[in-house]
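# Chain and residue survey
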Amino acid sequence: MSRYWSEIVQTLTPYVPGEQPKIDGLVKLNTNECPYGPSEAVLKAIAEHSGDALRLYPDPQASALKAAIARYHGLEPAQVFVGNGSDEVLAHVFMGLLKHPAPLLYPDISYSFYPVYAKLYGITAKEVPLADDFSLRVDDLLQAGPNGGIIFPNPNAPTGIALPRAEIERLLRGNPNSVVVVDEAYVDFGGETAATLVNQYPQLLVVRTLSKSRALAGLRVGYAVGHPDLIEALTRVKDSFNSYPLDRLAIAGGVAAMDDVAWFEQTCQRVIATRERMVTGLQALGFDVLPSAANFVFARLPGRDGAELAAALRERKVLVRHFRRPERIAPFLRISVGTDEQTDALLAALNDALRATLAP
């Protein structure tokens, strides 16, 4: 540690993103990116905004993008907040809406950025254990005692299990006095969005991203929808941090992505179909696979070490994600849904790895 570090930096354990390999020829199934490129409308919009105007600052309010998101969800622009990827949006959410004397609640198996943000902003947090089947139980959240907010991914990460919208509404009815944040990074692959509930519940904030289902992970566009009072809190934090989080290309590409509904729906269906193909193939190899409503699966092979399987796949040029903590998920691999060809490569590599360990 450097003597120049602040006290908070000395205590931080940063979030570790998935590996972005520098080796050619790897089948990359470790970071939940879309296996298909963005729509032609997005590429055209970015090209049209790549000229002389780049010398000028972008619209600090990203008004065109807010309007496009509002159109898509049937809301008003005042109910939309945008940021540099959903991680930045979440950072502002933690600071602006979740920092209270009572503890923040989130699942014990969840997006690993949550405890990082809680530590960064000095937020007291309480983990609520998932059930034995890795499902999130609303009753456990409601019985966890007073809270300063609740946050969870839906579908959950890294399990992929989705909470039905009716259960989210039950949570909202039972928790009217603090903000409930539903992180919907993966909802477009089979979950039920809670965005349809924001007009009914002023304590609900839904956070989403264009990285997954709209294939814009490299452009960094995230957003939140909720009551205008919640949005104002996020805007106050954003304007105290960075007035221009989205550049001109991100705004233009984001608008085009939100408006190209046909491409979006077709791509989601392609990913869902390949996911089911992957599940069938993994089960044929003896894997237990949790029910996924995301663009990844969470699977384990009984009796086999998850880290060893991940290493064996990497030797065969297939990357997947393995988490050592918490201990009960250590046997699992989180495998992103790629193309059909990438799925075939994954299954072939697994088959080869399993045969190699059985060889005399």
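Below you will find a few notes about this structure.

Let us look at the overall build of the protein. The helix and strand tally for the protein stands at twelve helices and twelve strands. Rg of the C-alpha trace for the protein: 21 Å, near the compact-globule value of 21 Å for 360 residues, within the 12% margin. Seen along its three principal axes, the alpha-carbon backbone of the protein occupies a region of about 65 × 55 × 50 Å. Expressed as a percentage of contacts within the protein between residues at least 6 apart in sequence, the contacts between residues at least 24 apart total 73%. Total accessible area computed for the protein in this model is approximately 16,300 Å², and 52% of it derives from carbon and sulfur atoms. Across the protein, the mean location of the 35 positive side-chain charges is 4 Å away from that of the 40 negative side-chain charges.

What follows deals with the packing of helix H2 (residues 40–48) against helix H9 (residues 248–259). For any two helices packed against each other, one specifies the inter-axial angle together with the distance between the axes. Interhelical geometry of H2 versus H9 gives an angle of 150 degrees and a closest axis separation of 8 Å. Looking at the two axes, H2 sits roughly antiparallel to H9. Between H2 and H9 the crossing geometry is right-handed. Contacts from Ala41, Val42, Ala45 and Ile46 of H2 reach H9 at Leu249, Ala252, Gly253, Ala256 and Ala257. A breakdown of the residues in the contact of H2 with H9 according to their chemical character gives eight nonpolar, one polar and no charged.

Moving on: the layout of surface pockets. In this model, the largest pocket occupies a volume close to 1,000 Å³. Tyr15, Val16, Tyr111, Ser112 and Arg321 are the residues nearest the centre of the largest pocket, which is lined by 45 residues in total. Elements that contribute at least two residues to the lining of the largest pocket include exactly helix H4 (85–97), strand E3 (104–107) and helix H5 (113–120). Broken down by element, the residue count for the lining of the largest pocket peaks at four residues, all from H5. Its residues assigned to classes, the lining of the largest pocket comprises 21 nonpolar, twelve polar and twelve charged. What the second largest pocket holds in volume is close to 240 Å³.

This paragraph deals with the sheet that holds strand E9 (residues 288–289). Reading across the sheet, the three strands line up as E9-E10-E12 and stay open at both edges, with antiparallel pairing between neighbours. The open sheet has two edge strands, E9 and strand E12 (332–336), and neither has a second partner. As judged from the five bridges shared by strand E10 (residues 296–300) and E12, these two strands associate in the antiparallel manner. Along E12, the bridge assignment pairs Phe296 with Ser336.

The next thing to look at is empty space enclosed by the protein. On inspection of all chains with the given rule, the structure shows one cavity of 30 Å³ or more. As for the largest cavity, its lining consists of Asp59, Pro60, Gln61, Ala62, Lys66, Phe81, Val82, Thr235, Lys238, Pro245 and Leu246. Elements with a minimum of two residues in the lining of the largest cavity: strand E2 (80–83) and helix H8 (228–239). Residue composition of the lining of the largest cavity, by class: six nonpolar, two polar and three charged.

Now for the side chain of Arg321. Tracing the backbone shows Arg321 in the loop between strand E11 (318–319) and E12. Note on Arg321: relative accessible area 14%, which makes it buried. Apart from residues lying up to four places away in sequence, Arg321 is in contact with Tyr15, Val16, Pro17, Gly18, Leu29, Asn30, Leu333 and Arg334.

Before going further, it helps to spend a moment on the state of the cysteines. Evaluated as defined, the whole model comprises zero disulfides. Cysteine Cys34 remains unbridged, with the sulfur of Cys268 as its closest cysteine sulfur at 8.0 Å.

The next point concerns a nonpolar patch on the surface. Residues Met1, Trp5, Ile8, Val9 and Leu120 make up a contiguous nonpolar surface patch of roughly 490 Å² in combined accessible area. By secondary structure assignment, the location of Met1 is in the segment before helix H1 (7–11). Since its relative accessible area comes to 74%, Met1 is described here as exposed.

All of the buried residues in helix H3 (residues 63–73) are Leu65, Lys66, Ala68, Ile69, Ala70 and His73. Residue Gly74 follows H3 closely and has a positive phi angle near 70 degrees.

Once that is clear, we can look at the sheet that holds E2. What the seven strands build is an open sheet, ordered E2-E8-E7-E6-E5-E3-E4; its pairing is mixed. The open sheet is flanked by E2 and strand E4 (125–128), the only strands paired with a single partner. Looking at each pair of strands side by side, their axes are set apart by 20 degrees on average, direction ignored. Sheet topology places strand E6 (residues 180–183) next to strand E7 (residues 204–209); four bridges connect them, and they run parallel.

Take Leu290: it is sitting in the loop between E9 and E10. Ignoring sequence-local partners within four residues, the contact set of Leu290 consists of Phe134, Thr159, Ile161, Phe298 and Phe332.

Here the bond from Ala157 into Pro158 is cis, since omega is 15 degrees, no more than 30 degrees from zero. Looking at where Pro158 falls in the secondary structure, it is placed in the loop between strand E5 (149–153) and helix H7 (165–174). Residue Pro326 is reached from Arg325 by a cis peptide bond, and omega for that bond is -5 degrees. Position of Pro326 among the secondary structure elements: in the loop between E11 and E12. Its identity as a non-glycine residue notwithstanding, Ala62 has a phi of 45 degrees, on the positive side. Among the residues examined, Ala62 registers a relative accessible area of 2% and is labelled buried. At Ala215, a position not held by glycine, the phi torsion is positive, near 60 degrees. In this structure, Ala215 sits in the loop between E7 and strand E8 (222–226). Its relative accessible area of 14% is what places Ala215 among the buried residues.

Rules of the game
Residues numbered from 1 in each chain as written. Predicted model: local features only at pLDDT ≥ 70, side-chain atom pairs only at ≥ 80, totals over all residues. Heavy atoms only, no water. Helix = DSSP H or I, 4+ residues; strand = E, 2+ residues; numbered from the N terminus. Rg over C-alpha atoms; globule rule 2.2 N^0.38 Å. Contact = heavy atoms within 4.5 Å. Areas by Shrake-Rupley, 256 points an atom, 1.4 Å probe, with all protein chains shown as cover. Lys, Arg positive; Asp, Glu negative; His and termini not counted. Charge placed at Lys NZ, Arg CZ, Asp CG, Glu CD. Axes fitted to C-alpha atoms, helices over the stretch in contact; angles between N-to-C directions. Parallel < 35°, antiparallel > 145°, perpendicular 65-115°, else oblique. Left-handed = near helix turned anticlockwise from the far one by under 90°. Nonpolar A, V, L, I, M, F, W, Y, C, P; charged D, E, K, R; others polar. 1 Å grid on protein atoms, 1.4 Å probe; cavity = no way out; pocket = protein on both sides within 12 Å on 5 of 7 lines; lining within 4 Å. Points joined across faces, edges and corners; volume = space filled by probe spheres on them. Pairing = 2+ DSSP bridges. Buried < 20%, exposed > 50% of the residue type's maximum accessible area, 1.4 Å probe, protein only. Disulfide = S-S within 2.5 Å. Patch = residues over 30% accessible without salt bridge, like charges linked within 9 Å, V, L, I, M, F, W, Y side chains within 5 Å. Salt bridge = Lys/Arg side-chain N within 4 Å of Asp/Glu carboxyl O.

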